[in-house]
Amino acid sequence: MASLNPKTGILGKRLAAHLLRRATFKISKDRITAFSQKTVTQAVDELLVIQPNTLDRPYDFVLGGPWINVVPEPLSEDKSSEGLLRQFVTAWWLDEARQDDSVGHKMQYFLHSIWIIHTDSGRSEHFYDYLKLLENYQLGSFRDLSVKMTLNNLMLRYLDNVFNNKNNPNENYARELLELFTMGEGNYNNDDIAAAAEVLTGFTWVYNRSNIDPDTNLPMGTANFGNHAVNNKTFSQQYFPDANGNPTVITGAIDAADMYRELDDFIDMIFAQQETGKYIVRKMYRMFVSKKITPEIESDIIEPLAADLRANNYTIGPVLEKLLKSEHFYDADDSDSADEIIGGLIRSPLELALHSFNYLELDIPDPVTDTENHYNIFYWRGVIYDMFLRAGFTIFRTSTPAGYPAYYQEPDYARSWFNSSTILARYKSPEMLIKGRRYNSTNNLLGAQLDLLNYVDSNVSNPYAVYTLVTELIDNMFPEIADQDRLNYFMDDIFLAGTMTAGDWAMVWGEYKTSGLNVEEINLALGNLIEAIMYSPEYQLF
Amino acid sequence: MDRRKFFKVSAPLGLTPLLINGTPLKTFANSDLLRAMDCTGVSERVIVLVQLKGGNDGLNTLVPLDQYATYQSLRPNIALPSTGANSYLTLDNTLPTAQHMGLHPSMQGFKSLYDDGLMSIINAVAYNSPNRSHFKSTDLWLTGGDGSQTNYNIPTGWMGRYLDHMFPGYAGNPDTLMPDPLGIQLGDNQQSLGFHSASEHASAVNLSYASPGGFYNLINEIGGTHVANVPNTEYGKELEYIMNVEDSTARYAQRISDVFNAGSNSAAVTYPAHYFANQLKTVARLIDGGSKTKIFLVGLGGFDTHVEQSELTDPAIGRHADLMYYLSEGVKAFQDDITALGHADKVMTVTFSEFGRKPIENESWGTDHGTIAPMFVIGKGVQPGVHGNNPDLTNVDNNGLFIDEIQHDYRQVFTTVLQDWLGSDDTAMGDTYFSPFLAQKLALVSPTHFVDPSCYVPPLVNLPVSLVSFDAYVVDDYDVALTWETESEINNSHFVIERSKDGVDFMALVQIPGHGTTNQAHSYRTIDVNPFFGTSYYRLKQVDYDGKETIEDIKAVTIEQSSEFSIKLFPNPASKETTLKVISEGESEVFFKLFNMGGQLVKELTLPVFIGQNDIPINLRGVSSGTYFVQAVSKKGHKFSSKLMVVD
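Predicted model only: the values in this text are computed from it and were never measured.

Our focus in this paragraph is the overall build of chain A. In terms of helices and strands, chain A carries 22 helices and six strands. Radius of gyration (C-alpha) of chain A: 25 Å, near the 24 Å computed for a compact globule of 542 residues. Taking the principal axes of its C-alpha atoms as reference, chain A extends roughly 85 × 65 × 40 Å. Residue burial in chain A is summarised as follows: out of 542 residues, 54% are buried. Long-range contacts, defined here as pairs at least 24 residues apart, represent 69% of the contacts in chain A between residues at least 6 apart.

If you want it as structure tokens, here you go:
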């Protein structure tokens with residue numbers, strides 16, 4: 001039986017690494033070691049302490065500073081093009097996610113994977129506001145976020161609610177709100193969509209971001225009463241019964257201010273339905289735990305967590321906490337603690353990149369002092385374009401509002417990250433990091449390069465010994481311990497590769513330590529090893 | 001009956017197309033006139049599926065001219081004009097009034113395909129209880145499903161099921177008979193659900209964002225050796241999945257590059273410079289290069305035109321107009337290209353979209369999700385014409401949706417194409433889940449190209465594994481080596497070696513993966529390191545992907561009992577670990593001692609021993625390098641001593 005009972009005891013290395021991989025983008029040898037000494041409670045509590053961002057907004061290298069909320073606003077010729085600036089916002093988010101010790105950015109990513117937008121629906125500033133909204137609710141109420149997201153400028157424009165008016169409602173947002181963002185398909189009918197669209201008539205964006213939401217301090221859209229359908233909206237009895245079992249009727253607003261009340265009533269109606277909580281928890285389960293939801297998981301995990309969510313104004317922090325502390329999350333709720341969950345998901349390009357950067361201690365150009373290399377060269381061209389787009393990950397720019405197939409497409413889910421068209425980009429990124437060059441290029445610089453020699457020097461207990469070197473490098477990079485066969489493969493076929501013996505290596509390393517010799521040779525051998533580890537099937541999983 | 005332009009091009013050997021009141025006869029499969037056909041080339045035919053993503057607005061693709069005033073009143077802002085430079089293109093005045101329609105003015109290419117007798121239009125296509133979610137409806141179109149409870153959640157794609165039937169065991173396993181991926185997908189680097197099959201390999205290779213010409217070189221540079229011991233866990237299953245994708249990608253990579261480089265596009269044809277046309281250009285080149293891939297899937301996105309479907313100033317230009325242009329010009333260029341290359345008799349193109357849009361426009365110069373939309377079938381083998389009438393624009397509910405205007409099920413179209421064009425029999429259609437539509441096929445394939453049942457293409461031959469040899473013999477006094485060779489294999493999932501003491505009751509010993517489908521010879525070898533004493537029997541069993549088992553051969557082996565107890569030590573010299581190999585007739589214990597050259601005891605172990613061969617690892621970590629002395633004594637007094645070299 002799957003169980004939400006709290007897991008007790010010290011985590012140990014295997015489970016500490018599992019928790020850090022699934023709940024954050026920040027894994028490192030030191031962090032895994034530190035967390036392995038903690039109890040589950042200590043570890044999860046620590047991850048739930050949200051960290052402030054290191055930089056509160058992105059920089060533009062042309063402008064030499066931030067452009068968002070800068071007064072007076074820089075002229076367009078002072079800064080990079082809008083298209084680039086949007087990529088820099090993504091770059092800023094990625095770099096904050098990389099450095100986030102807490103569950104914060106992973107939760108923002110989770111919320112984003114539901115509340116899909118497209119960067120190009122608005123200006124870079126609108127996109128930034130959207131990300132700040134996710135940040136604001138990263139552990140907060142999903143219900144309240146639903147109201148705020150409906151009024152978010154980028155969302156208003158993305159799903160066309162800016163065009164939704166009383167004379168001829170545009171159903172785009174209404175449909176996706178119910179189908180994708182809150183309830184899931186099959187929990188409403190076409191008349192409900194039409195009624196929902198009417199509730200939403202008249203909400204439109206404020207392009208210059210002058211309307212500030214006092215709850216969040218972030219720019220929001222506005223209510224245009226002239227475009228609002230003032231009639232009462234009746235929803236179906238089947239899907240939206242009121243307390244007496246009658247069809248829910250939402251009273252039409254009497255003025256612009258009352259439109260927010262009407263919207264609130266409508267959101268309440270959605271969140272009064274059992275299905276809404278379950279829909280959100282299933283999404284969370286698939287993001288953090290496993291793609292497989294059996295009837296047992298549904299009754300033992302999904303339903304109790306959904307009940308918690310409902311009972312607590314849909315506040316997601318405590319539900320995440322319960323899940324991450326549960327025996328189930330660690331596969332400790334049945335006789336075999338190694339047959340499910342651990343290592344059972346394919347890493348998204350996001351996890352592949354950020355986990356690798358952190359684990360291998362990639363030195364990334366500083367956003368403030370080396371702005372162009374940080375934003376324009378490394379993150380935009382190297383990461384977002386070469387590592388993500390080529391690997392099928394259109395971050396913040398999915399082709400449909402359903403988002404990334406890895407989080408919704410039955411039956412494959414995360415498997416959709418890995419197919420014959422994404423394999424190349426995934427397997428080319430280690431080469432990029434090792435050589436410090438862009439995808440398949442010998443000339444174009446990536447802006448960052450792994451320093452494997454120093455990494456090994458400071459992280460491996462005894463780099464002279466091949467066996468220790470290989471074992472310790474593989475350790476923690478794979479979700480489960482590699483067997484002797486596999487270690488031999490990496491040691492003999494890849495690292496020594498028939499060209500040197502263990503004794504040769506000890507000598508090569510010794511000469512480096514005493515006289516600084518052999519740097520090129522060492523980097524080559526380590527590069528081969530790290531590359532092979534990173535494009536092994538094991539490293540694709542987390 | 002009016003004369004139609006396409007009569008001229010489509011009537012073969014004086015045969016008048018069977019048309020009644022403008023609607024081609026449902027089926028002419030039983031017409032004796034068509035019986036004696038030439039089957040040449042049928043098995044080489046392919047289909048190209050064009051997916052219009054987002055829900056194409058059927059009413060601005062084909063304007064119902066018989067109800068133009070109603071159309072204009074439903075769509076005051078976006079109705080395509082009837083006059084002026086940008087007016088719709090009247091498709092064919094010779095059709096009955098109920099089929100008078102106007103193509104979007106951007107679709108000159110489609111107009112000329114129609115005029116040349118290369119296009120069939122199927123009006124008002126959907127499925128029962130249509131769903132208006134993009135994602136659900138797309139899934140339904142790709143899985144062969146519909147809104148009914150039974151067909152709402154089919155886990156596999158219809159293309160995958162079809163290819164599984166026609167090419168059993170070939171998904172991911174190329175050979176000379178079928179060297180190519182069964183399906184190729186372009187334009188979207190997420191794998192299409194349509195190609196999802198029940199077999200462990202995906203039935204299609206996805207070429208999006210990779211240059212087919214250089215595909216092999218890139219693939220060839222990457223990837224490593226597979227994990228040998230895959231655990232039976234979720235982790236293990238995902239490892240298997242990844243290794244399967246790696247395998248089939250690598251197996252096809254060289255071939256795809258070769259085919260692409262061997263093919264070319266016609267110099268006389270200019271494709272629009274657009275990603276959609278580029279996909280078709282690649283398909284044409286792959287076909288020209290000799291690809292035997294059966295189904296190509298290409299895609300054009302952006303049809304979710306809720307907003308600004310057309311410009312305020314001119315309903316004939318804007319987003320939808322651009323899409324119509326790229327669709328029409330891309331397909332036209334593709335058709336011209338394959339014609340110029342001499343492959344027109346091989347290729348049929350079919351367009352589809354997850355749904356149409358509401359007949360009524362919204363306030364944003366756009367249209368919301370609807371139900372029905374037309375499909376287009378294009379190619380030299382097409383029976384040109386129009387199926388069904390314009391939908392009735394007055395039959396609209398108060399949400400602005402058509403009420404019950406579905407005239408065709410999309411599976412009628414695909415069933416017809418798979419059977420009458422690709423020549424697949426009823427059994428194949430059963431496995432594709434299309435049987436219910438066999439009785440409702442449409443006349444989409446011209447008599448010159450229609451596949452008669454006598455020409456139906458069988459699934460690619462499924463020869464059994466041809467075994468050359470199977471041997472079992474003793475090695476190293478106590479191990480049994482099992483070796484066998486195959487000349488070719490088809491559909492071979494794996495072998496199982498079974499062992500028996502009496503030759504009657506066999507127990508599975510080990511499972512060895514097969515090579516799927518291959519024309520190359522393969523040899524296999526495995527060792528039984530723990531055999532029975534005396535005579536025992538080994539049996540080789542072969543298992544197909546579908547679970548079918550064949551007993552291939554049985555061999556007897558006798559292990560001589562040279563002594564009741566023997567001890568060996570290997571490797572020697574050793575580092576980190578060595579193994580004490582003990583063979584015993586009974587359960588016992590061995591006392592193991594390791595002395596250094598000074599005679600000091602370094603390590604002492606008491607080791608349990610079981611019947612048969614025992615491989616007992618001796619950990620040498622922490623034992624510094626040098627020469628040592630090993631002494632092992634059994635409970636019964638058997639002694640063994642040896643020198644052991646420990647090295648770093």
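Within chain B, the secondary structure is distributed over 11 helices and 29 strands. Within the span of chain B, comprising 648 residues, buried residues form 49% of the whole. Across chain B, contacts joining residues at least 24 apart in sequence account for 70% of those joining residues at least 6 apart.

Here we take up the interface of chain B and chain A. With 44 residues of chain B at the contact, the number on the chain A side is 55 residues. Every element with two or more residues in the side of chain B that touches chain A is listed here: α4 (134-143), β9 (204-206), α6 (215-221) and α7 (234-262) of chain B. Tallied by class, residues from the side of chain B that touches chain A come to 19 nonpolar, 18 polar and seven charged.

Of all hydrophobic cores here, the largest spans 291 residues; its most connected members are Ala196, Leu529 and Ile533 of chain A together with Val350, Val413 and Val417 of chain B. Apart from residues no more than four positions distant in its own chain, isoleucine 533 of chain A is found in contact with Leu473, Ile474, Met477, Phe490 and Tyr539 of chain A. Among the nonpolar cores identified, the runner-up in size contains 15 residues, and Tyr478, Leu569, Val609 and Val646 of chain B belong to it.

With that out of the way, let us pick up the domain arrangement of chain B. Note: interface size is frequently given as the accessible area lost on complex formation between the parts. With domains assigned, chain B is organised as domain 1 (5-211 + 291-455), domain 2 (466-559) and domain 3 (565-646). Distance between the C-alpha centres of domain 2 of chain B and domain 3 of chain B: 33 Å.

Turning our eyes to something else, we now look at the packing of helix α3 (residues 40-47) of chain A against helix α14 (residues 316-325) of chain A. Residue and element names in this part refer to chain A. Where α3 meets α14, the axes come as close as 10 Å, and the angle between the chain directions of the two elements is 145 degrees. Of the two possible hands of crossing, α3 and α14 adopt the one that is right-handed. Only Glu321, Leu324 and Lys325 of α14 make contact with α3, whose side of the interface consists of Val40, Thr41 and Val44. Split into classes, the residues belonging to the contact of α3 with α14 amount to three nonpolar, one polar and two charged.

Residues and elements named next belong to chain B. Of all residues in chain B, 90% attain a pLDDT of 70 or more, and the chain-wide mean is 85. Segment residues 1-36: pLDDT under 50, and 49 contacts once partners within four positions in sequence are set aside and those in other chains are kept. Scoring of the predicted complex yields 0.75 for pTM and 0.95 for ipTM.

Before going further, it helps to examine the sheet that holds strand β4 (residues 62-64) of chain B. With antiparallel pairing, three strands are arranged side by side in an open sheet as β4-β6-β5 (chain B). In the strand order of this sheet, the two ends are held by β4 and β5 (89-90) of chain B, each with one partner.

As a further point, take unusual backbone geometry. Comment: phi is negative for the bulk of residues other than glycine, and the bulk of peptide bonds are trans. In this structure, the amide linkage connecting glutamate 410 of chain A to the following residue, proline 411 of chain A, adopts the cis form with an omega of -15 degrees. Looking at the element boundaries, proline 411 of chain A is found in the loop between α16 (371-388) and α17 (423-435). Here the residue pair phenylalanine 570 of chain B and proline 571 of chain B is connected by a cis peptide bond, since its omega of -10 degrees sits within 30 degrees of zero. Relative to the helices and strands, proline 571 of chain B is located in the loop between β23 (565-570) and β24 (577-584).

Now for the pairing of strand β12 (residues 357-361) of chain B. Residues and elements named next belong to chain B. Of all five residues in β12, four are buried, a share of seventy percent or more. Judged from the two bridges that link them, β12 and strand β13 (residues 367-369) form a sheet pairing that is antiparallel. Across the sheet, the residue bridging to arginine 357 is histidine 369, located in β13.

Here asparagine 190 of chain A lies in helix α10 (residues 190-199). On a C-alpha basis, the gap between asparagine 190 of chain A and serine 236 of chain A in space is 9.5 Å, while along the polypeptide they are 46 residues apart.

Bringing the packing of helix α3 (residues 108-115) of chain B against helix α9 (residues 319-340) of chain B into the picture now. The geometry of a pair of packed helices is captured by two quantities: the angle between their axes and the separation between those axes. Residue and element names in this part refer to chain B. It is the contact of α3 with α9, at a shortest axis distance of 7 Å, that shows an interaxial angle of 45 degrees. With respect to α9, the axis of α3 lies oblique. Contacts between α3 and α9 involve Gln108, Gly109, Phe110, Ser112 and Leu113 on the former and, on the latter, Ser328, Glu329, Val331, Lys332 and Gln335. Looking at side-chain class alone, the contact of α3 with α9 contains three nonpolar, five polar and two charged residues.

A word on the sheet that holds β24 of chain B. All names here are of chain B. Spatial ordering of the open sheet is given by β23-β24-β27, a layout of three strands whose pairing is antiparallel. The open sheet terminates on both sides in strands that have one partner only, identified here as β23 and β27 (612-619). On average, each strand axis in the sheet is tilted by 20 degrees relative to the strand beside it, whichever way the strands run.

All names here are of chain A. If you check helix α6 (residues 124-136), its first and last C-alpha atoms are 18 Å apart, about what 13 residues at 1.5 Å a residue would give, namely 18 Å. Among the 13 residues in α6, 12 count as buried, and that is most of the element. By the burial criterion, the buried members of α6 are Ser124, Glu125, His126, Phe127, Tyr128, Asp129, Tyr130, Leu131, Lys132, Leu133, Leu134 and Glu135. On its buried side, α6 packs onto α4 (82-99), α5 (104-114), α7 (142-150), α8 (153-158) and β3 (218-219).

To continue, consider the environment of threonine 468 of chain A. Residue and element names in this part refer to chain A. Position of threonine 468 among the secondary structure elements: in helix α19 (residues 466-474). Given 13 C-beta atoms within 10 Å, threonine 468 falls into the partly exposed group. Separated by 23 residues in the primary sequence, threonine 468 and methionine 491 place their C-alpha atoms 9.9 Å from one another. Not counting the four nearest positions on each side in its chain, threonine 468 is found in contact with Val460, Ser461 and Asn462.

The next subject is the pairing of strand β3 (residues 46-53) of chain B. All names here are of chain B. Across the eight residues of β3, seven count as buried, placing the element largely inside the fold. The pairing of β3 with strand β11 (residues 347-353) spans seven bridges and is classified as parallel. Bridge pairing in β11 links glutamine 51 to phenylalanine 352. Sheet analysis places β3 next to strand β10 (residues 295-301), joined by seven bridges and oriented parallel. Of the residues in β10, the one forming a bridge with valine 48 is phenylalanine 296.

Another aspect to go through is the environment of aspartate 264 of chain A. Considering the arrangement of structural elements, one finds aspartate 264 of chain A in helix α11 (residues 256-271). Along the backbone, aspartate 264 of chain A and asparagine 454 of chain A are 190 residues apart, and their C-alpha atoms lie at a distance of 56 Å.

Calculation notes
Residues numbered from 1 in each chain as written. Chains lettered and ligands numbered in written order. Predicted model: local features only at pLDDT ≥ 70, side-chain atom pairs only at ≥ 80, totals over all residues. Helix = DSSP H or I, 4+ residues; strand = E, 2+ residues; numbered from the N terminus. Rg over C-alpha atoms; globule rule 2.2 N^0.38 Å. Buried ≥ 20, exposed ≤ 12 C-beta atoms within 10 Å, placed from the backbone. Contact = placed C-beta atoms within 7 Å. Nonpolar A, V, L, I, M, F, W, Y, C, P; charged D, E, K, R; others polar. Core = buried A, V, L, I, M, F, W, Y, C linked by C-beta atoms within 7 Å. Domains from an automatic or database assignment. Axes fitted to C-alpha atoms, helices over the stretch in contact; angles between N-to-C directions. Left-handed = near helix turned anticlockwise from the far one by under 90°. pLDDT = per-residue confidence, 0-100. Pairing = 2+ DSSP bridges. Parallel < 35°, antiparallel > 145°, perpendicular 65-115°, else oblique. Expected span 1.5 Å × (residues − 1).

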